[in-house]
Amino acid sequence: MSQKKLFRRDFLRATVVTAFASGLPTAACGADDEKPTPAPEKESTDPADVLRVFPQGLASGDPRPDSVILWTRVAPEGADGGAGVADVSVKYEVASDEDFKTLVAEGELTATLATDHTLRIKVTKLEPYTTYYYRFHALGVQGDTGRTKTAPKDDADVPVRFAFATCQDFAGRYYHAWKTLTEQDAVDFVVYLGDYVYETAGNPAFQTPTDTRKIVLPDGLDLGGGGLAAESLADYRALYKQYRSDENLKKAHSLYPFICIWDDHEYCDDCWKDHTNHFDGTQGDEQHTQQREDADQAWFEYMPADVVYDEGASYPDDIKIYRNLRYGKHMELFLTDQRYYRDDHLIPEGPVDLSVAKLIENSSVGSRIFLLKPGFDPKEAAAKPSMLGATQKSWFVDSVKGSNATWKIWGSETQLAQMVVNLKGFPKVPAPFNDLFYLTVDQWDGYRSERAEILTALSGVENLVVVTGDIHAFYASELHVDFDAPATKPVAVEYVVAGITSQAIAPAAEGVIGGNATFKALGLLELIPQWDTLLPQSSPHYRYSNSFENGIAICDLSAESVEVTFFIVSDVTNPTPGEVKQSRWKTLAGTNTVVPG
């Protein structure tokens, strides 16, 4: 066995010992073990000291009726540079009151260099649907107080209020959406749908770093044009540390438990399995198994997620993040992993393929984005690529069908609704472009046979709602087994949240088209301002479309309805927050339709 593999086994063994502290007597305290807090011994609470010792703050996640995951990271002097103190003693406290007069759990753990000085603690034997407070102590400093909340019992008849979010590029952009969330009435939890970090630093295609909002990678893969991409464990760790330095994001984590899933940028844009797509075929197949494992390890270290991580296994058996969480009588959440097991994009990035209007060699255009639908569909029907993989798909369908919750909420990283634009009738658009086009087949349009299979299997399920990220836009739509021949009643509904900061899909498309002389000559650039008008005309299952802005969403769920409010924030490249607009939509129980809220 290689030295690197031995190190990885040592890391995982340490994580099991330190992270799942509910297995230790000190972390499994219940309400019957309550006792007063001992007097602190001259610990500093100065904000400068707290920031120095706990620079990424604290977080909680995956609330269940009797447990929750707590997280923090300690930064002893020199540790961020890869040297310095190897082990740091950290004390944690969990209380039922904000003053910590009544402790329900406490203990002392060791933050090690092997885990980048992160700690993940599963606290058990908690009371359901209860607010708890927690904090950490290390190096003579008492950290800030975090607030979390356990889930209600499965049969509890309670309303649910949760936020859902996605896509928070850090470079040159500001997290006004998180500030907006913390200023609203409290939510029970946050569902994060992927792209928590972006693997690139200064990618000229879409990132514009500033002096105050830039990413520094200790290693970095040269992408050309001044851009770098993460390629090592140190790189991926550096991403999380820098993203989590944002005060608005830290505050959101301190107030609400997060339920997180990854998408592609936690590893690489448009990735599949352990393959990246940085160079679009110019360097052959970009399979990087060790890099995939490094990205997995960093995600596991920095996310407060109650997931399985196997110390003896390699990709794809090292980690499993698809899971379900019940939240009272009316909601069960199902999170699917749409990257780890998916097949490659059907159309290769390298050669020209006129059957799908792919005119450019070694480009995502014509392979992953902007494909001719009549050419793509028969190829997809013959190949039947999978996004979920057989094992996950079977688990998902069986779990959703077996749920007795009023609402079944599917957390999907990528959009299910068919996104087709009809370019027929535009005088400047010649053949073969005067036809139907998919905007992107990196989402479920590229796996339409499996989408139809899943929606057919779930067609008898009442009240299925999909919450989605990835596409950098706000959408509300109704889902059908066959979008080209929709049934009278939809199978489900989908609410898509725009990115926290990432460039919205319409401006991003404008950049791609504007940078290509052929596309400009075809008149495609003139279509971008009309996108939100053209989309529902070509894809009438869309009830709302905003492809130009950023923000976050809040869902209010009860026995009678699901109501979604899109919070649309102003210019995220401006450090000063601006106007926040709202758009409300809802689905009444039993209807599978989207109507204004």
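Treat the numbers as computed from the prediction; the structure is a model and nothing was measured.

What counts and how
- Residues numbered from 1 in each chain as written.
- Predicted model: local features only at pLDDT ≥ 70, side-chain atom pairs only at ≥ 80, totals over all residues.
- Heavy atoms only, no water.
- Axes fitted to C-alpha atoms, helices over the stretch in contact; angles between N-to-C directions.
- Helix = DSSP H or I, 4+ residues; strand = E, 2+ residues; numbered from the N terminus.
- Parallel < 35°, antiparallel > 145°, perpendicular 65-115°, else oblique.
- Left-handed = near helix turned anticlockwise from the far one by under 90°.
- Contact = heavy atoms within 4.5 Å.
- Nonpolar A, V, L, I, M, F, W, Y, C, P; charged D, E, K, R; others polar.
- Salt bridge = Lys/Arg side-chain N within 4 Å of Asp/Glu carboxyl O.
- Buried < 20%, exposed > 50% of the residue type's maximum accessible area, 1.4 Å probe, protein only.
- Pairing = 2+ DSSP bridges.
- Core = buried A, V, L, I, M, F, W, Y, C linked by side-chain atoms within 4.5 Å.

A. Representation of the packing of helix α8 (residues 390-402) against helix α9 (residues 448-457) within the structure. Two elements in contact, α8 and α9, have axes separated by 10 Å at closest approach and are oriented at 25°. Here α8 lies roughly parallel to α9, going by the angle between them. The handedness of the crossing between α8 and α9 is right-handed. Mapping the contact onto sequence places Lys393, Phe396, Val397 and Lys401 in α8 and Glu450, Glu453, Ile454 and Ala457 in α9. Residues of the contact of α8 with α9, tallied by class, amount to four nonpolar, no polar and four charged.

B. Geometry of the pattern of salt bridges. Applying the stated rule across the entire model yields 34 salt bridges. Salt-bridge contacts for Glu332 lead to Arg326; the nearest nitrogen and oxygen are separated by 3.8 Å. Comparing Glu332 with Arg326, the two get one shared label, buried. Taken together, the shared-partner salt bridges connect Asp263, Asp264, Arg339, Arg342 and Asp442 into one network.

C. How the structure looks around the sheet that holds strand β23 (residues 464-468). Spatial ordering of the open sheet is given by β17-β18-β20-β23-β25-β24-β26, a layout of seven strands whose pairing is mixed. One side of each edge strand has no neighbouring strand; the edge strands of this open sheet are β17 (323-326) and β26 (542-546). Neighbouring strand axes in the sheet, compared pairwise and without regard to direction, differ in orientation by 20° on average. Examined bridge by bridge, strand β18 (residues 331-335) and strand β20 (residues 407-412) share five bridges and lie parallel to one another. Across the sheet, residue Glu332 finds its bridge partner in β20, namely Lys408. Where helix α12 (residues 531-538) meets the sheet, it contacts β24 (474-479) and β26, and its direction lies at approximately 160° from that of β26.

D. Highlighting the sheet that holds strand β21 (residues 420-422). What the three strands build is an open sheet, ordered β19-β22-β21; its pairing is antiparallel. Since the sheet does not close on itself, it has two edges, and those belong to β19 (369-372) and β21, each with one partner. Pairs of neighbouring strands in the sheet enclose a mean axial angle of 30°, with direction left out of account. Relative to strand β22 (residues 436-440), β19 is paired through three bridges, and the arrangement is antiparallel. Directly across from Leu371, in β22, lies its bridge partner Tyr438. Of the strands in this sheet, β21 and β22 are in contact with α12, which crosses β21 at around 100°.

E. Geometry of the nonpolar core. Counting 89 residues, the largest nonpolar core has Phe164, Trp178, Trp299 and Tyr495 as its most contacted members. Beyond its immediate stretch of four places on either side in the chain, Phe164 contacts Val191, Leu193, Val467, Tyr495, Val497, Ile552, Ala553, Cys555 and Val564. Counting residues in hydrophobic clusters, the runner-up holds 49 residues, among them Phe334, Val400, Val421 and Leu535.

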